[in-house]
Amino acid sequence: AQRKWTKCALLAALCGVCQALQGGMLFPTESPSREVKDVSGLWSFRADLSPERNRGFEQQWYRSPLAETGPVIDMPVPSSYNDITQDAKIRDFIGWVWYEKDVWVPARWIQDRGARIVLRVGSAHYYSVLWVNGVEMTEHEGGHLPFEADISGALRQTSGNPCRITIAVNNTLTLETLPPGTIQYMNDRSRYPAGYFVQNTNFDFFNYAGIHRPVLLYTTPKAHIDDISVETAFSDNIGLVSFNVSVLGCSKAAVKVTLSAQDGRCVASADGSRGVLKVTDVSLWWPYLMHENPAYLYSMEVSVENTEDGQTDVYTLPVGIRTVKVTSTQFLINNKPFYFHGVNKHEDADIRGKGFDWPLVVKDFNLMKWMGVNSFRTSHYPYAEEILQMADRHGIVIIDECPGVGIKDIRSFGNVSLAHHLTVMEELVRRDKNHPSVVMWSVANEPASEMPPAGFYFKELVSHTKSLDSSRPVTYITDSNYARDQGAQYVDVICVNSYLSWYHDPGHTELISLQLNTQFDDWYDKYQKPIIQSEYGADAVPGLHSDPPMMFTEEYQTTVLQNYHNVFDQKRKEFVIGELIWNFADFMTAQTITRVVGNKKGIFTRQRQPKAGALLLRERYWRIANETGVLPTWARSRGFWVTEVW
């Protein structure tokens, strides 16, 4: 259908109440019955620079090769398009952009009428429309979660030709998107040309856009495993893995589930789509620095035979057996107290923006383990699935956050926004429910929780999230006054952001101890729930020094951290269960007078070089790990936290 949206309403028509989700969202993996083809790489790209940003739909650019509609440029996928060119109009572009790529699909895929061919986009920011050979396949609202479509029919109608994939992506944010935003028109003709507008947001990171994660083609048999849900528990040395397998495409299927240890031994098996696997002498999934053998993963193979035609579909899922519980003063993993000593992060780097990049992911995990980090929060949106898989394998605990950042306007607490927010949580839980590294859901960051509508909004949101997954606690991140917070009563863990001696009483680090103690006591006295300091910190321009410390120097950042740490050490004996520094690395923001080429609160530069704060935290985190966990043998034998740090 032709899109007729003006700039003022680019997405307003797309933000209605979303329909209930259907189907699973298993990560594409190869197996004896499945093949995966990565179609990332160089795509053709064109921004719709027309005044109304609507020419592409009016002229139906999806019906013919994109180069025939006008000039195109090369664009790498995955990446944000903003920093790829030298054109400021592209860097700051708001509206529709168009991607296209011709892909040869293996002939055997098309000839096999019993095979499904699925196209999956890891994420595209923010609203996407997908065509194959000029035929619309699907639309998706939301910039940080995958979407896919069965394209078998479209390919078989045009067999023998390349598959032309066209994706239109719009990064406009409205009061009813996640994150929200507004379009502001500048109508003073003495200062702005006709039609001039800006995108306003209430979050402190750059609104990167484009196709941010890999685009994949994959196959399954017609009768296929659509979804797998796993929940785990243990008693003494017996592990319990409850499973639920959803099968589509046939009326009768034989399901077999087999669980294998890392050495390949079968430790449990069962027939049927539902059941419980019992594992004797279980190896639990433990966080990094909490056990000598952290991050133990079993392999669960699910096999489905279509009894009508004999075809079999096979899918293998890594499974970590562990439990999560919350008391009024503790966070328990496998019934033992867990203290979050970690970081907040962003998917952000030079040139690629938010584009997924394996070297960067591996570098970040190496830096986190070097520091003694045991956890991080996916601030302020869901991260790539591959990052969660890395966390599963390395034992890094994750607070999984939805894109609900910057909900500041009362109009963003309406029914349409809530319906979309509920759908986003469904997509997030559906995607990430089986990851042992994910121990908590975060439904929002720094909302205007003092507003009266916030109470009902978050009551519904938390309740809905728990109905989707009852095995994990739910939080949202607050920075409002405890006495006026309308939503904290519904969450399981209180996460508090505060920037004492930075945004409050700047320069006066002597006030941190008093104010931070008051903050913790007030929150706990009212809610009697464990507390995580989910953000704290100060900007530090790398290489800038002063003594006595002054704001923006590395010395000032470390002084702020030390004053916070003194209070943490008192309160973690009571009800504080974690500390997450803001931020792991410097990151890009919109251009403002308060930001000098981005936010400089990272303990690493954007290029991942350490500031003084990184060394301070490294010493602290290894010291805490030595007190509360079980260091790896190599670390204990070398007295790591004492000798290696200094």
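Structure first, text after, so check above.
Residues numbered from 1 in each chain as written. Predicted model: local features only at pLDDT ≥ 70, side-chain atom pairs only at ≥ 80, totals over all residues. Heavy atoms only, no water.

(A) Geometry of the overall build of the protein. Along its length, the protein carries 13 helices and 32 strands. A compact globule built from 646 residues should have a C-alpha radius of gyration of about 26 Å, and the protein, at 25 Å, falls within 12% of that. C-alpha atoms of the protein, sized along the principal axes, occupy 75 × 70 × 45 Å. For the protein, the residues scored as buried account for 59% of the 646 residues in total. In the protein, the proportion of contacts linking residues at least 24 apart, taken out of those at least 6 apart, comes to 73%. As presented, the protein carries roughly 25,100 Å² of accessible surface, and 50% of it is formed by carbon and sulfur atoms. Counting 62 positive and 73 negative side-chain charges, the protein places the averaged centre of each group 1 Å from the other. (Helix = DSSP H or I, 4+ residues; strand = E, 2+ residues; numbered from the N terminus. Rg over C-alpha atoms; globule rule 2.2 N^0.38 Å. Buried < 20%, exposed > 50% of the residue type's maximum accessible area, 1.4 Å probe, protein only. Contact = heavy atoms within 4.5 Å. Areas by Shrake-Rupley, 256 points an atom, 1.4 Å probe, with all protein chains shown as cover. Lys, Arg positive; Asp, Glu negative; His and termini not counted. Charge placed at Lys NZ, Arg CZ, Asp CG, Glu CD.)

(B) Main features of the packing of helix α10 (residues 554–571) against helix α11 (residues 612–628). Relative to each other, α10 and α11 sit at 25°, their axes nearing to 8 Å. The angle between α10 and α11 falls in the class roughly parallel. Judged by the sense of rotation from one axis to the other, the crossing of α10 with α11 is right-handed. Contacts from E554, Q557, T558, L561, Q562, H565, F568 and D569 of α10 reach α11 at A612, G613, L616, L617 and R620. Looking at the contact of α10 with α11 residue by residue, the class counts come to five nonpolar, five polar and three charged. (Axes fitted to C-alpha atoms, helices over the stretch in contact; angles between N-to-C directions. Parallel < 35°, antiparallel > 145°, perpendicular 65-115°, else oblique. Left-handed = near helix turned anticlockwise from the far one by under 90°. Nonpolar A, V, L, I, M, F, W, Y, C, P; charged D, E, K, R; others polar.)

(C) The arrangement of the pattern of salt bridges in detail. Under the defined criterion, the tally for this structure stands at 33 salt bridges. Notably, a salt bridge pairs R213 with E347, separated by 2.9 Å at the nearest N-O pair. Of the two residues, R213 is situated in the loop between β13 (210–211) and β14 (215–221) and E347 in the loop between β25 (340–344) and α5 (358–371); the sequence distance between them amounts to 134 residues. Under the relative-accessibility criterion, E347 is labelled buried at 11%. (Salt bridge = Lys/Arg side-chain N within 4 Å of Asp/Glu carboxyl O.)

(D) Expanded view of the side chain of S80. Secondary-structure assignment places S80 in the loop between β3 (73–77) and α2 (88–91). Using a relative accessible area of 0% as the deciding quantity, one classes S80 as buried. Leaving out residues up to four positions away in the same chain, S80 has contacts with Y208, A209, H212, I351, R352, G353, K354 and G355.

(E) Just the sheet that holds strand β18 (residues 266–271), in detail. With antiparallel pairing, four strands are arranged side by side in an open sheet as β18-β17-β20-β21. Every interior strand has two partners, whereas the edge strands, β18 and β21 (312–319), have only one. Ignoring which end each strand starts from, the neighbouring axes of this sheet average 15° apart. Note that strand β20 (residues 298–306) and β21 share eight bridges and pair antiparallel. (Pairing = 2+ DSSP bridges.)

(F) Molecular detail of the packing of aromatic side chains. In total, this model carries 37 aromatic pairs according to the counting rule given. Relative to W523, the ring of Y482 has its centre 6.4 Å away and its plane inclined at 65°; by these criteria the two rings are edge-to-face. On the criterion of sequence distance, the pair formed by Y482 in the loop between β29 (474–478) and β30 (493–497) and W523 in helix α9 (residues 512–527) is long-range, its members being 41 residues apart. On the basis of relative accessibility, which here comes to 27%, the residue Y482 falls in the partly exposed class. The exposure class assigned to W523 is buried, which follows from its relative accessible area of 3%. Taken together, F57, W61, Y62, W96, W98 and W131 form an aromatic cluster joined through their ring pairs. (Phe/Tyr/Trp six-rings, centres within 6.5 Å; stacked < 30°, edge-to-face > 60°.)

(G) Spotlight on the sheet that holds strand β19 (residues 274–280). The strand order across the open sheet formed by three strands is β15-β16-β19, and the pairing between neighbours is antiparallel. This sheet does not close on itself; its edge strands, each paired only once, are β15 (224–235) and β19. Ignoring which end each strand starts from, the neighbouring axes of this sheet average 20° apart. The pairing of strand β16 (residues 238–248) with β19 spans seven bridges and is classified as antiparallel. Bridge assignment links N244 to a residue of β19, and that residue is R274.

(H) Region of interest: the environment of E460. With respect to the secondary-structure elements, E460 resides in helix α8 (residues 453–468). On the basis of relative accessibility, which here comes to 32%, the residue E460 falls in the partly exposed class. Along the primary structure E460 and V255 are separated by 205 residues, whereas in three dimensions their C-alpha atoms are 36 Å apart. With near-sequence residues (within four places) excluded, E460 lies in contact with L418 and L422.

(I) The arrangement of unusual backbone geometry in detail. Note that the residue after D547, namely P548, is joined by a cis bond; omega there is 0°. Mapped onto the fold, P548 is located in the loop between β31 (531–535) and α10. Residues W582 and N583 are joined by a peptide bond in cis, for which omega reads 10°. Within the element layout of this structure, N583 appears in the loop between β32 (576–581) and α11.

(J) Seen up close, the packing of α9 against α10. Contact pair α9 / α10: the axes reach a minimum separation of 9 Å and the direction vectors enclose 40°. By the angle between their directions, the pair α9 and α10 is classed as oblique. The hand of the α9/α10 crossing is right-handed. Where α9 approaches α10, its residues I512, S513, L516, N517, F520 and D521 are matched on the opposing element by V560, N563, Y564, V567, F568, Q570 and K571. Classifying every residue of the contact of α9 with α10 by side-chain character gives seven nonpolar, four polar and two charged.

(K) Representation of the state of the cysteines within the structure. Under the definition given, this model contains zero disulfides. Summary of cysteine pairing: C495 is not part of a disulfide, and the nearest cysteine sulfur, belonging to C402, is at 13 Å. (Disulfide = S-S within 2.5 Å.)

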